[in-house]
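Residue-level structure breakdown
Listed below are the residues making up each chain.
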Amino acid sequence: MNEIAETPKINGDFTGKDIIAINQFTPEDVDMLFKEADAMQSMLKRGETSDILAGKMIDLFFYQPSTRTVISFEKAAKKLGAAITKTSEVQYSSVSKGENLQDTMRTLESTYSDAIVLRHKEIGSATLAASKVGIPIINGGDGPGEHPTQALLDLYTIKEERGEMDNLNITFMGDLKYGRTVHSLARLTGMFGGRHSYVSPASLRLPKSIHDELDQKGVKQRETQDLSDVLADTDILYMTRVQKEYFKGIKGWFQYRKAKGLYVITPETMAEAPEGMSLMHPFPRVGEIDERVDDDLRAAYFREISHGVHLRGALLAMVLGKSLLKSNAIQAKNSSSMMKPE
Ligand code: NCD
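Residues numbered from 1 in each chain as written. Predicted model: local features only at pLDDT ≥ 70, side-chain atom pairs only at ≥ 80, totals over all residues. Heavy atoms only, no water.

The next point concerns the overall build of the protein chain. For the protein chain, the count of helices and strands is 11 helices and 9 strands. Relative to the compact-globule value of 20 Å for 342 residues, the protein chain shows a C-alpha radius of gyration of 21 Å, a close match. Each principal axis of the C-alpha atoms in the protein chain carries an extent, and together these give about 70 × 55 × 40 Å. Partitioning the contacts of the protein chain with sequence separation of at least 6, the portion at a separation of at least 24 is 72%. When the accessible area of the protein chain is evaluated, it comes to approximately 16100 Å², of which 51% is carbon and sulfur surface. Charged side chains in the protein chain number 43 positive and 47 negative. The centres of these two groups are separated by 3 Å. (Helix = DSSP H or I, 4+ residues; strand = E, 2+ residues; numbered from the N terminus. Rg over C-alpha atoms; globule rule 2.2 N^0.38 Å. Contact = heavy atoms within 4.5 Å. Areas by Shrake-Rupley, 256 points an atom, 1.4 Å probe, with all protein chains shown as cover. Lys, Arg positive; Asp, Glu negative; His and termini not counted. Charge placed at Lys NZ, Arg CZ, Asp CG, Glu CD.)

Below, the discussion takes up the packing of helix 6 (residues 180-189) against helix 7 (residues 208-216). Two elements in contact, helix 6 and helix 7, have axes whose closest approach is 10 Å; the angle formed by their N-to-C orientations is 5°. When the interaxial angle is binned, helix 6 and helix 7 end up roughly parallel. Residues His183, Ala186 and Arg187 of helix 6 lie in contact with helix 7, whose contacting residues are Ile210, Glu213 and Leu214. (Axes fitted to C-alpha atoms, helices over the stretch in contact; angles between N-to-C directions. Parallel < 35°, antiparallel > 145°, perpendicular 65-115°, else oblique.)

On to the site of the ligand, then. Around the ligand lies a shell formed by Thr69, Arg119, His147, Gln150, Arg180, Thr181, Arg241, Gln243, Pro282, Phe283 and Pro284. Between the ligand and glutamine 150 there is a distance of 3.1 Å, counted from a nitrogen atom to a side-chain nitrogen or oxygen. Here an oxygen atom of the ligand sits 2.8 Å away from a polar atom, N or O, in the side chain of glutamine 243. For the ligand, whose accessible area on its own is 310 Å², the fraction buried by protein is 93%. If you map the ligand onto the pockets, it falls in the second largest pocket. A class-by-class count of the residues in the shell around the ligand yields 3 nonpolar, 5 polar and 3 charged. (Near = heavy atom within 4 Å. Polar contact = N/O pair within 3.5 Å; in protein donor to acceptor, adjacent residues only side chain to side chain. 1 Å grid on protein atoms, 1.4 Å probe; cavity = no way out; pocket = protein on both sides within 12 Å on 5 of 7 lines; lining within 4 Å. Sits in = over half its atoms within 2 Å of the grid points. Nonpolar A, V, L, I, M, F, W, Y, C, P; charged D, E, K, R; others polar.)

On the basis of which strands lie adjacent, the open sheet formed by 5 strands has the order 7-6-5-8-9 and parallel pairing. In the strand order of this sheet, the two ends are held by strand 7 (220-224) and strand 9 (278-280), each with one partner. Looking at each pair of strands side by side, their axes are set apart by 20° on average, direction ignored. Where strand 6 (residues 195-199) lies against strand 7, 5 bridges are found, and the strand directions are parallel. (Pairing = 2+ DSSP bridges.)

Glancing now at the sheet that holds strand 4 (residues 137-142). Sheet strands line up and pair through hydrogen bonds in the backbone, either parallel or antiparallel. The 4 strands lie next to each other as 2-1-3-4, forming an open sheet whose pairing is parallel. Since the sheet does not close on itself, it has two edges, and those belong to strand 2 (83-87) and strand 4, each with one partner. For this sheet, the mean inter-axis angle between neighbouring strands, taken without regard to orientation, is 10°. Across 4 bridges, the pairing between strand 3 (residues 115-120) and strand 4 is parallel. Across the sheet, isoleucine 116 pairs through a bridge with isoleucine 137, a residue of strand 4.

On to a nonpolar patch on the surface, then. Taken together, the side chains of Ile250, Trp253 and Phe254 make up a nonpolar region of the molecular surface, amounting to roughly 380 Å² of accessible area. By the secondary structure assignment, tryptophan 253 is in helix 8 (residues 249-259). (Patch = residues over 30% accessible without salt bridge, like charges linked within 9 Å, V, L, I, M, F, W, Y side chains within 5 Å. Salt bridge = Lys/Arg side-chain N within 4 Å of Asp/Glu carboxyl O.)

Encoded structure:
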């Protein structure tokens, strides 16, 4: 990938911005977004919809498989009145004829797209796409790089589960090397104090560059291969799957076989875990959390999935210069002025 300028910071204004990486955000930006996500959540829980995105067209272009990311973006957009074009089976698009990312993205822009949610197998792909088109690019995962919208919905889940985001002990477990949700979430939770514990096999540790970056920001971090070293003082246990798709060749296959199945959360694990802990997972799970754990009140992963719709709806609205909060305020103002006697 070419060297491309750093993506602009949010700086209190989401309108027209690309959403590529967590380093664009400050805690204040996160707070703004979460207020909008609260409005989205309340609206959906009341069984209502909105038309603040009426007339907007959003492209979901996914070069890698997705269930939750694509579905939650699509449903959020529809609940806000936007139209969606979804391309998940890129083998049926001109990508299979060898078309490059740039031309595909420019095609979407040239056909009146207002924003693109992109998932691609290569690190830096969202940055490259953003440098080629004028409409907002939202990074829905760039290979083993980042997955900022997942991290934002994960942190929103933490706030909803616990009522706070500051000074928590967060344990990240599983494939910390290739897990892009971990790369984004560790950067995000690192802004809110507390401590990070990393539990992984030696071959799948958090990349040193991210560890160093967080060290420089003063985040307290510790690493172990054994969950029992850190479980007793864990507030959030963030479990992940071993990212099979990034293990290449015979050596990779052996490495994958060794790592898979090494860590499994069972009812026995939960019996040892703090009563107030929350168990999260970006999903898909492929055996790392025993289904018998699902009924445990601390299992937050299905609530986490719902928050994907709340958070992504908020983000789409704000990137497209709209706001449920503001439109509600306008509606409330109009209805109160209508009620005023002449
Ligand atoms: C994750 C992803 O695609 O990075 N899934 C998701 O978006 N919720 C996690 C994974 O695939 O393991």
